[in-house]
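These are the residues of each chain, in order.
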Amino acid sequence: MLPELLSPAGNLEKLKIAINYGADAVYLGLQKFGLRSAAENFNISELNEGVQYAHQRNAKVFVVLNAYLHDKELQELPAYLKEMEKAGVDAVIVSDLGVVKCVLNNSNIPVHLSTQASCLNYRSAKLWKDMGAERIVLGREISLDQAAKIKEKVDIELEMFIHGSMCMAYSGNCVISNYTQGRDSNRGGCAHSCRFEYSLEIPKENGIEKTNSFFMSSKDLNGIMQIQKFVDCGIDSLKIEGRMKNHLYLSSITGAYRKALDAIGRGESLNQESLSEIFTEMTKLAHREYTEASLLEAAGSDSVYREREKAINTHKVVGKILEVNGNDIIFLSKSNYELGQSLEPVNYSMMGKSIQSKKLQELDGELATKCKPNRIYRLNAEQITGLRAGDILRTPV
Amino acid sequence: MKYSSFVEDVQQVKELKAAGFTELVLAASSLSRFGKTKDTDIQPIIDEAKANDLQVFIELDRILVGSELDLFLRHWQSLNLKNFDAVRVLDPGLLEYFCAETDLSVHFNSEMGNHNLSALKHWQNYSKEKIKRIILCPELEAEKIKEYTKELNCELEIYGFGKILLFYTPRHLLSPYFENHEDPAEKFVFNKEYIEILGNSEESPHKAFPLVETKCGSFMFSPKDLCVLDYWQDILECNLASLRFDLRDNFNKETLSSITKFLEEPEKKNLKTLKDTWPKTLIRGFFKANKSDVLFGNLKNVGNLKKEENYLGDVIETKSGVHLVIEIKSQNSLLSLGKKLSFLAPDKKAKEVEVKQMKNLAGELIEEASFGQFVMLPHYSGVSSNTRVYLV
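Since this is a predicted model, take the numbers as computed values, not measurements.

Q: Give a detailed account of the overall build of chain A, specifying residues and quantitative values.
A: Along the backbone of chain A there are 10 helices and 19 strands. Whereas a compact globule of 397 residues would reach a radius of gyration of roughly 21 Å, chain A reaches 22 Å, a difference of no more than 12%. Viewed in the frame of its principal axes, chain A has a C-alpha envelope of about 65 × 60 × 45 Å. Residue pairs at least 24 apart in sequence account for 67% of intrachain contacts in chain A once pairs closer than 6 positions are excluded.

Have a look at this one:
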């Protein structure tokens, strides 16, 4: 059986993009109890709508409740759980044992143990299963082979991160923000101090040598080349990080893993060449350097930036398609695209193809040569079979 | 209330006893994430502690990845340690092992997270017979701890004095800087016992973070050390089993003497002497007040501003004086001619209008529109993109 593909949904629009691009499940945060205080997140009516949208398309919705709660908040949680249960939420992702028990005592919603709990060995998995977890989101420090061994020893669903930004610390084991910024990192206030540049005082024969370095800044995880191994190891869910990331990221990355999983599902053997082709597609957005981190062996020094972190940016988002009418693409612009520039759909059935267009108009018919952000345009184009409303358009930078 | 301290060698046992400590925590380099004691010294320290009527606990505060757990336990069994009083574990996998498969007393380290009574109660209930003590999170406030000691039926310990661990990773972040190499992709094997340096960041308001690497990984500590002794009366009222000190970075006669004086007479002048002898700045942490989530309100969270009742959708485009486009996002709402709309702009300005004409994106006149559709209306001044739209 193919593993579930689990994508982030920072807001309702992103939820729809993730599902349209092939996510089997999405995870999202509500206004409280999550670790992404700065994200837009969902209110209850958006949650209802999101769950309805997902379920109509056979996708699941998991709600993230992975902050470490104080007593007062724990008292507020049962009312929230009722709303989630009413909405039809498929599971909650939790790291705090108090929250685990509160969910179990006040609802029938399944509990997934968050990666924040840093569950990394079979005895820990066994304990959390005894505590009521139905699924464990393993810490990012574990290899696929080691995860398979946990699966052999403990009868529990396992979820692993396959893509995205990484905590440098064991998740849940960093309080830098608490003591340096007065913001509790385990309650949504992480200031990303691990991304700062530090001057290291290295003792040398001639005295102290100061070396500037981003020594705590991890490269981003990319597991596409190991996707067959994820399947072979029996991992139940492949998770993409990034509730704060943009539409281009969400569509490109979800679509890439969907394409690879579908190929595996059809019994096709994914060779290096076909995976490299998908990998290339995944680089067509702003991203940090990629690493396989600990998927095969413990992450080494090559998984960390030593020099300044270099964001690689080959493509930018042009906009989102609202409607396709015959040869007309109506899209909401997100950047300053100029007519004549290469235009590519993030659509894995059209991989490598670009859209040829000679006419760009505003909605009222006024001709344009250049897009302005947040404005709707009509693009007359050819060979657009396969394009759908909701597809993201990109252009090389 | 007892006082506990880390012990690193046999010589320190008597000195710690003389200073007023009755509990010793032994952190060996093979068992504890940044302990320094060698395996050959563990049993002699335990024996010396017992000869001095002191309790001794073995620190097993590593997080263990995959098969590291079995290797660790094999090593633990091979040490065949005797006469110690408890093991102290952080990883729930070790908790499971010691509760299920040994008769040892266990101290559970709940320092990461666990900010509520329910979590602590359920940890305790995991094995009421084996879990003798819970080591509380340093971010808990005194008033909460006072409540918890009444509710929990096991010993509670807090951290009172010493270095503050901020960060723990299994990756070896420092050793590459101690090798002579050019290739950044080259992997390094940690071959030093213990690396300790300082790191500074222009982006942080704090300077001189102690950074440590051991074979277990890398650690960052706060530039300032913890001292909650200013709140002595609160500490007493917490009714704790133990107050822990970590003197490992500054273990000397002067420090021990000033601690002894303070513990015998917990007065301000003695605390000042202790603080004066300590080489680093001391902070009180969160013991009296934890306001580390007060700032959250200042983080951007537009969701908090959202009004839900009668929500129809959002304005996604405006062309000044020409048109605006609404995306209908509410599944249960229907927009038809004659209905009144309320626009709530990002700057909080509101405007009400009646729908007299509407078009689809192809420019055709329509009479109604529902979920998922886009509607073009004449533009109204003050309405911009991202304005939220409600049915009146």
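Q: Account for the overall build of chain B, with residues named and values stated.
A: If you tally the helices and strands in chain B, you get 9 helices and 24 strands. On C-alpha atoms alone, chain B measures out to a radius of gyration of 30 Å, which is more than a quarter above the 21 Å that the 2.2 N^0.38 rule sets for 392 residues. Each principal axis of the C-alpha distribution contributes one length, and for chain B these read about 95 × 55 × 45 Å. Residues counted as buried form 43% of the 392 residues belonging to chain B.

Q: Summarise the pairing of strand E9 (residues 207–213) of chain A; cite the residues concerned and give the values.
A: Pairing of strand E8 (residues 198–204) of chain A with E9(A) involves 7 bridges; the strand directions are antiparallel. Looking across to E9(A), one finds that A:Ile202 is bridged to A:Glu209.

Q: Describe in detail the environment of B:Cys216, supporting the description with residues and values.
A: All names here are of chain B. Along the chain, the position of Cys216 falls in the loop between strand E10 (209–214) and strand E11 (217–221). Residue Cys216 is classed as buried on the basis of its 24 C-beta neighbours within 10 Å. When residues no more than four places from it in sequence are discounted, the contact partners of Cys216 are Arg33 and Arg62.

Q: Could you give an account of the sheet that holds strand E13 (residues 315–325) of chain A, naming the residues involved and the relevant values?
A: All names here are of chain A. Overall, antiparallel pairing links the 7 strands, which are arranged E15-E19-E13-E14-E18-E16-E17 in an open sheet. Because the sheet does not close on itself, it has two edges, and the strands there are strand E15 (344–346) and strand E17 (367–368). As paired strands, strand E16 (residues 356–362) and strand E18 (residues 376–382) are joined by 6 bridges and run antiparallel to one another. Bridge pairing links Ser357 to Ala381 in E18.

Q: Break down the nonpolar core for me, citing the residues and quoting the values.
A: Soluble globular proteins tend to pack their nonpolar side chains together in the buried interior. Judged by nonpolar contacts, the single largest core of 226 residues is most densely connected at A:Val26, A:Val63, A:Val92, A:Tyr257, B:Leu24, B:Leu26 and B:Leu166. Per-element tally for this core: the top contributor is helix H9 (residues 247–265) of chain A, with 8 residues. Non-local contacts of A:Val92, meaning those with residues more than four positions away in its chain, are made with A:Phe62, A:Val63, A:Leu65, A:Met84, A:Val103, A:Ile109, A:Val111 and A:His112.

Q: Quick one: what's the story with the interface of chain A and chain B, residue by residue and with numbers?
A: At the junction of the two partners, chain A supplies 83 residues and chain B supplies 77 residues. Of the residues contributing to the side of chain A that touches chain B, the split by class is 34 nonpolar, 29 polar and 20 charged. Two elements, E8(A) and strand E9 (residues 195–200) of chain B, share 3 bridges in a ladder whose sense is antiparallel. Directly across from A:Ser199, in E9(B), lies its bridge partner B:Asn200.

Q: Tell me what's going on with the pairing of strand E18 (residues 340–344) of chain B, and back it up with residues and numbers.
A: Consecutive side chains of a regular strand alternate in pointing toward one face of the sheet and then the other. Residue and element names in this part refer to chain B. Only one face of E18 is covered, namely the face carrying Leu341 and Phe343; the face carrying Lys340, Ser342 and Leu344 is uncovered. Strand direction decides the pairing type here: E18 and strand E19 (residues 350–354), joined by 5 bridges, are antiparallel. Directly across from Leu344, in E19, lies its bridge partner Ala350. If you look at the hairpin formed by E18 and E19, you'll find 5 residues sitting between the two strands, and Lys348 has a positive phi there, around 75°.

Q: How would you sum up unusual backbone geometry? Please name residues and give values.
A: All names here are of chain B. Despite not being glycine, Asn83 has its phi angle at roughly 70°, a positive value. Relative to the assigned elements, Asn83 resides in the loop between helix H3 (68–79) and strand E4 (86–89). Using a count of 10 C-beta atoms within 10 Å as the deciding quantity, one classes Asn83 as exposed. Unlike most non-glycine residues, Ala208 shows phi in positive territory, near 60°. With respect to the element layout, Ala208 can be found in the loop between E9 and E10.

Q: Give me helix H1 (residues 10–19) of chain B: which residues, what numbers.
A: Residue and element names in this part refer to chain B. What H1 keeps buried is the set Gln12, Val13, Leu16 and Ala19. Taken around the axis of H1, the buried residues stretch over an arc of 135°, which confines them to a single face. Every exposed residue of H1 that faces more than 90 degrees away from the buried side is listed here: Gln11 and Ala18. Among the structural elements, strand E1 (2–7), strand E2 (23–26), helix H2 (39–51) and helix H8 (253–264) are those in contact with the buried residues of H1. Positive backbone phi, at 115°, marks Gly20, one or two positions downstream of H1.

Q: Hey, could you go over the environment of B:Gly162 for me, with residue numbers and the actual values?
A: Residues and elements named next belong to chain B. Among the structural elements, Gly162 can be located in strand E7 (residues 155–162). Here the alpha-carbon distance between Gly162 and Met112, two residues 50 residues apart in the chain, equals 17 Å. For Gly162, the residues in contact, after removing those within four places along its chain, are Asp225, Leu226, Phe245, Asp246 and Leu247.

Q: I'd like a description of the sheet that holds strand E8 (residues 165–169) of chain B, backed by residues and values.
A: Taken together, the 6 strands give an open sheet; going across it, the order is E9(A)-E8(A)-E9(B)-E10(B)-E11(B)-E8(B), and neighbouring strands pair in antiparallel fashion. The open sheet has two edge strands, E9 of chain A together with E8 of chain B, and neither has a second partner. Taken pair by pair, the neighbouring strands of this sheet meet at an average axis angle of 25°, ignoring direction. Of the strand pairs in this sheet, E8(B) and E11(B) are connected by 4 bridges, and their pairing is antiparallel. Bridging across to E11(B), B:Thr169 finds its partner in B:Ser218.

Q: Account for the packing of helix H3 (residues 71–87) of chain A against helix H4 (residues 97–106) of chain A, naming residues and giving values.
A: Residues and elements named next belong to chain A. At their nearest, the axes of H3 and H4 sit 10 Å apart, and the two run at 40° to each other. Taken as axis vectors, H3 and H4 run oblique relative to one another. Helix-helix and strand crossings are classified by hand; for H3 and H4 the assignment is right-handed. For the pair H3 and H4, the contacting residues are Leu74, Leu77, Pro78 and Leu81 in the first and Gly98, Val99, Cys102, Val103 and Asn106 in the second. Its residues placed into classes, the contact of H3 with H4 shows 7 nonpolar, 2 polar and no charged.

Q: Could you give an account of the environment of B:Ser333, naming the residues involved and the relevant values?
A: Residues and elements named next belong to chain B. Summarising the element assignment, Ser333 is placed in the loop between strand E16 (323–328) and strand E17 (335–336). Overall, the presence of 18 C-beta atoms within 10 Å leaves Ser333 in the partly exposed class. In the structure, Ser333 is positioned 38 residues away from Phe371 in sequence and 6.9 Å away in space, judged by C-alpha atoms.

Q: Help me get a handle on the confidence of the model for chain B, residues and values and all.
A: All names here are of chain B. For chain B, per-residue confidence averages 91 on the pLDDT scale, and 93% of positions sit at 70 or higher. In the predicted structure, residues 298–305 sits below a pLDDT of 50 and forms 13 contacts with residues beyond four places in sequence or in another chain. For this predicted complex, the interface score ipTM comes out at 0.89, alongside a pTM of 0.88.

About the cut-offs
- Residues numbered from 1 in each chain as written.
- Chains lettered and ligands numbered in written order.
- Predicted model: local features only at pLDDT ≥ 70, side-chain atom pairs only at ≥ 80, totals over all residues.
- Helix = DSSP H or I, 4+ residues; strand = E, 2+ residues; numbered from the N terminus.
- Rg over C-alpha atoms; globule rule 2.2 N^0.38 Å.
- Contact = placed C-beta atoms within 7 Å.
- Buried ≥ 20, exposed ≤ 12 C-beta atoms within 10 Å, placed from the backbone.
- Pairing = 2+ DSSP bridges.
- Core = buried A, V, L, I, M, F, W, Y, C linked by C-beta atoms within 7 Å.
- Nonpolar A, V, L, I, M, F, W, Y, C, P; charged D, E, K, R; others polar.
- Arc of directions from axis to C-beta.
- Axes fitted to C-alpha atoms, helices over the stretch in contact; angles between N-to-C directions.
- Parallel < 35°, antiparallel > 145°, perpendicular 65-115°, else oblique.
- Left-handed = near helix turned anticlockwise from the far one by under 90°.
- pLDDT = per-residue confidence, 0-100.

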